[in-house]
Amino acid sequence: MRLQQFQVRKFRNIVDSGPIQVEDDVTCLVGMDEAGKSAILTALARLHPAHPSTFSVSEDYPRWLKTADQRAKVIEQVTPITATFLLEPEDKKKIGAVFGDGVLSSDEVILSRRYGDATLWWNIHFDHLAAVRNVLQACGVPASLAPRLSGQPTLTALEETARSLKNSLTDEDEDATEAALDTLLGELEAMKIPNGPIKRVISLLRAPTFFYFSDYSVLEGRIDLDRLAESEEERAGSSSDQTARSLLALANTTPESLSGDDYEERKSEMEAVSNDLTEQVFNYWRQNPNLRVTFDLDRKIQNDPQGRPRVVKNMLDVRVQDTRHHFTNNFSQRSSGFRWFFSFLAAFTEFEMKNEDYIVLLDEPALTLHGRAQHDFLRFVNERLAPAAQVLYTTHSPFMVESEHLDRVRIVEDQGPKKGAVVTQEALSVREDSLFPLQAALGYDIAQHLFIGEANLLVEGPSDLLYLDLIGRRAADDGGAALHKDWRILTAGGAGNIPAFVSLLGSNVDVTVLIDSGTEGTGRLERAIKAGRLNRDRLVSVQEVTKRANSDVEDLFTEVDYLRLYNAAFGTSHKPEDLPPGDRIVERLARLEKKKFDHYKPADRLLRDSTLIDALEQDTLDNFSRLIKRINQTRTK
């Protein structure tokens, strides 16, 4: 059985989540904190949990609806979780082997749970008439009996009628009739339907068990073995105690055994299990591969009234050995990411060994891991978990959303008391805040793809991009240089942003940087070069062409050319003699007009008016051609 969709109603902050479609492999629930992601996953886990768990009206029912619903006496009929499963070929084969083919009118099975009821309710589309036809055909019922048997509405009714017919047989009836009835009753007995065929179908099917894991399930560094032996079984993954029991079960031991005299033997088994789990961790988590988990028993001994020593407390210390730094410390003092991963594998591996059909539910997994480590965890989900079972996880981290798998994402949003938390796949129907993890993930992915070219040119703004492209092509018509076709031009959004871009990306990508001279950020770029994040030969400055300490790309134009462009863009009529003294023409124009300079509008005007390009003086074309040649020289082959 594979989970297709589920729906949560009247549970915590959820009134009606709406149908939540589930992928065959991995489904991701994304939303803000307190949106209802954990509530949705918790409700699903309680449908068929690994350990006994029920819905509590006092703890789980929406508080603002409780009084009214109690007055209306509808609470016990509320189904907080309903899930639709699709029968797989093996499931249908089992049913067909008992009842024959065609007895299921649908491949869907619906399971649900109610408040105040531990029963798992099944809704199966069983065709009783087809089952009756199949069994009669298999038994070869004679024509004399067919009219009285074939019209029975259910197998139970068929059995009652067949038994009644047999009991009413007389000596005159043929032996063949009695034999046919015996055969039919024997076939019905083999079907084991004393409580009806649906009960039999349910016994043939196996509802997947839900394995739920959250931060509350992480192992403690110091485990009270006496308490562990005495405490009751808890909700699946709801506490570190359950994870501790799983770890001991993996080592084929118990709290009582560890407290006994054969502790050393048990300890070796536990360390063998620990080594295996640690190796699994490091297959997917590469932060520090030099850690090993070990165990120590700490016994508190007191003298009894007769002065004889006795053990009054047994504690299992979980310790971590760091082979790189040659020291050990308590498990609880290690990074939360390592503790989470190790604890999850301990609980999951033990669960996996004894469950054939299961679904994995992870509440905010790997949240404390570094961004890259979260990507490693997603690889663990895709490669280790998803091939074995369906996985559903919640997150609000953009690093836990894969942009190439946005079809897996369901958005959870709390829309207030009347509607509560709802779930949708439609990004257009939710608020901007709810979309942030998706937007961030997509932006991160786009950034990665932007910087994978062999020739990346980073410039300050879009005006630089337009000038280099438009004027470069015009210069090439006269035998000058145009930008090589392989260049991928990226804008940093301002001179002040370039050092940050270079610091973050320069050492990992093939990038050339074009900067104005004498502007902000030049000193930080020098530090980036000294730190090895940028090759000095790939830092190109406008100064190399203008030969002036302070100059911008706009200073590659002659004054006449740039003023013609500026006047066309802003409707002014400035002449060279109107400009105040200085080096940078943009700064001189800003002082002339006493306002902040707009770099982009003149470049946009040049893009839209080809006559301005045709009117450029040769000195302007030559300046841009020299700069472009210098840029092209930095391109790696």
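Notes on the structure in this doc start here.

### Points about the pattern of salt bridges
Okay, step 1: For the coordinates displayed, the defined rule picks out 32 salt bridges.
Okay, step 2: Of the charged contacts, one joins Glu159 and Arg163 as a salt bridge, the two residues approaching to 3.3 Å between their closest N and O atoms. One end of the pair, Glu159, and the other, Arg163, are both in helix α7 (residues 155-167), four residues apart, so they sit about a helical turn from each other.
Okay, step 3: By relative accessible area, Glu159 is classed as buried at 15%.
Okay, step 4: Linking Asp241 and Arg227 is a salt bridge whose minimum nitrogen-to-oxygen distance equals 2.8 Å.

### Observations regarding the environment of Asp182
Okay, step 1: Residue placement: Asp182 occurs in helix α8 (residues 175-191).
Okay, step 2: Here the alpha-carbon distance between Asp182 and Cys139, two residues 43 residues apart in the chain, equals 9.7 Å.

### Notes on the packing of aromatic side chains
Okay, step 1: Counted according to the given criterion, the structure contains 28 aromatic pairs.
Okay, step 2: Between the aromatic rings of Phe344 and Phe348, the centroid separation amounts to 5.5 Å while the plane-to-plane angle is 5°, which identifies the pairing as stacked. Of this pair, Phe344 and Phe348 both sit in helix α14 (residues 336-354), four residues apart, roughly one helical turn. Neither residue differs from the other here; Phe344 and Phe348 are each classed as buried.
Okay, step 3: Taken together, the aromatic side chains of Phe211, Phe213, Trp340, Phe341, Phe344, Phe348, Phe351, Tyr358, Phe377 and Phe380 make up a single cluster linked through ring pairs.

### Some words on the pairing of strand β18 (residues 488-491)
Okay, step 1: Of the pairings in the sheet, the one linking strand β17 (residues 456-459) to β18 comprises four bridges and is parallel in character. In the sheet register, Val459 faces β18, and the bridge partner there is Thr491.
Okay, step 2: For the crossover that starts at β17, traverses helix α17 (residues 462-477) and ends in the parallel β18, the hand is right-handed.

### Looking at the packing of helix α4 (residues 89-99) against helix α9 (residues 197-204)
Okay, step 1: Direction vectors running N to C along α4 and α9 enclose 140°, while the axes themselves pass 9 Å from each other. With respect to α9, the axis of α4 lies oblique. The element α4 and its partner α9 pack so that their crossing is right-handed. Residue-level contacts link Lys94, Ile95, Val98 and Phe99 of α4 to Pro197, Arg200, Val201 and Leu204 of α9.

### Here's the deal with the sheet that holds strand β20 (residues 539-541)
Pairing between the strands of a sheet comes from backbone hydrogen bonds, and it takes one of two forms, parallel or antiparallel.
Okay, step 1: A sheet is described by the order of its strands in space; here four strands give the open sequence β18-β17-β19-β20, paired in parallel fashion. Edge positions in the sheet fall to β18 and β20, since each of these pairs with one other strand and no more. For this sheet the average axis-to-axis angle between neighbouring strands, irrespective of direction, equals 25°.
Okay, step 2: Pairing geometry for strand β19 (residues 511-515) and β20, over three bridges, is parallel. Note on β20: the bridge partner recorded for Leu514 is Val540.
Okay, step 3: The sheet strands contacting helix α25 (residues 618-633) are β17, β19 and β20, and the helix crosses β20 at an angle near 175°.

### Quick notes on the environment of Pro417
Okay, step 1: Here Pro417 lies in the loop between β15 (409-414) and β16 (421-424).
Okay, step 2: Separated by 404 residues in the primary sequence, Pro417 and Asn13 have C-alpha atoms spaced 7.6 Å apart.
Okay, step 3: Once you skip the residues sitting within four places of it in the chain, Pro417 turns out to touch Val15 and Trp64.

### Points about the sheet that holds strand β13 (residues 358-362)
Okay, step 1: With mixed pairing, six strands are arranged side by side in an open sheet as β8-β13-β14-β4-β15-β16. Sheet topology places β8 (209-213) and β16 at the edges, where each strand pairs with a single neighbour. Across the sheet, the mean angle from the axis of one strand to that of its neighbour is 20°, orientation sign disregarded.
Okay, step 2: Where α14 meets the sheet, it contacts β8 and β13, and its direction lies at approximately 165° from that of β8.

### Some points on helix α11 (residues 240-250)
Okay, step 1: The element α11 is extensively covered by neighbouring structure, given that 10 of its 11 residues are classed as buried.
Okay, step 2: Among the residues making up α11, those that are buried are Ser240, Asp241, Gln242, Thr243, Ala244, Arg245, Ser246, Leu247, Leu248 and Leu250.
Okay, step 3: A positive backbone phi angle near 60° is found at Asn252, which sits one or two residues after α11.

### Thoughts on the nonpolar core
Okay, step 1: Counting 71 residues, the largest nonpolar core has Leu3, Phe6, Phe99, Leu149 and Leu155 as the members making the most contacts within it.
Okay, step 2: One finds Phe282, Leu297, Phe338 and Leu385 within the second-largest nonpolar core, a separate group that totals 58 residues.

### A look at the side chain of Asp609
Okay, step 1: Within the secondary structure layout, Asp609 lies in the loop between α23 (600-608) and α24 (610-614).
Okay, step 2: Classification of Asp609 as buried rests on a relative accessible area of 18%.
Okay, step 3: Of note is the side chain of Asp609, whose polar atom sits 2.4 Å from the side chain of Thr611.

### A word on α14
Owing to its 3.6 residues per turn, the α-helix aligns residues three or four sequence positions apart on the same side.
Okay, step 1: Compared with an ideal rise of 1.5 Å per residue, which puts 19 residues at 27 Å, α14 spans 28 Å between its outermost C-alpha atoms and is within 8% of the ideal.
Okay, step 2: Of all the 19 residues making up α14, 14 are buried; the element is thus mostly covered by neighbouring parts of the structure.

### Looking at the packing of helix α21 (residues 559-570) against helix α22 (residues 585-593)
When two helices pack together, their arrangement is captured by the angle between the axes and the distance separating the axes.
Okay, step 1: Packing of α21 against α22 leaves a shortest axis separation of 12 Å and a crossing angle of 50°. As far as their axial angle goes, α22 and α21 are oblique. As for how α21 packs across α22, the hand of that crossing is right-handed. Along the contact surface, α21 presents Glu559, Tyr562, Leu563 and Tyr566, while α22 presents Ile585, Val586, Arg588, Leu589 and Glu593.
Okay, step 2: Counted by class, the contact of α21 with α22 contains six nonpolar, no polar and three charged residues.

### Quick word on unusual backbone geometry
It is generally the case that most residues other than glycine have a negative phi and that most peptide bonds are trans.
Okay, step 1: We note that His326 has phi near 60°; this positive angle belongs to a residue other than glycine.
Okay, step 2: Inspection of the secondary structure assignment puts His326 in the loop between β11 (309-322) and β12 (327-330).
Okay, step 3: One non-glycine residue, Lys547, lies in positive phi territory at about 65°.
Okay, step 4: With respect to the helices and strands, the residue Lys547 is situated in the loop between α20 (543-546) and α21.
Okay, step 5: Of the residues examined, Lys547 reaches a relative accessible area of 68% and is grouped as exposed.

About the thresholds
- Residues numbered from 1 in each chain as written.
- Predicted model: local features only at pLDDT ≥ 70, side-chain atom pairs only at ≥ 80, totals over all residues.
- Heavy atoms only, no water.
- Salt bridge = Lys/Arg side-chain N within 4 Å of Asp/Glu carboxyl O.
- Helix = DSSP H or I, 4+ residues; strand = E, 2+ residues; numbered from the N terminus.
- Buried < 20%, exposed > 50% of the residue type's maximum accessible area, 1.4 Å probe, protein only.
- Phe/Tyr/Trp six-rings, centres within 6.5 Å; stacked < 30°, edge-to-face > 60°.
- Pairing = 2+ DSSP bridges.
- Right-handed = clockwise from strand over helix to strand, strands pointing away.
- Axes fitted to C-alpha atoms, helices over the stretch in contact; angles between N-to-C directions.
- Parallel < 35°, antiparallel > 145°, perpendicular 65-115°, else oblique.
- Left-handed = near helix turned anticlockwise from the far one by under 90°.
- Contact = heavy atoms within 4.5 Å.
- Core = buried A, V, L, I, M, F, W, Y, C linked by side-chain atoms within 4.5 Å.
- Polar contact = N/O pair within 3.5 Å; in protein donor to acceptor, adjacent residues only side chain to side chain.
- Expected span 1.5 Å × (residues − 1).
- Nonpolar A, V, L, I, M, F, W, Y, C, P; charged D, E, K, R; others polar.

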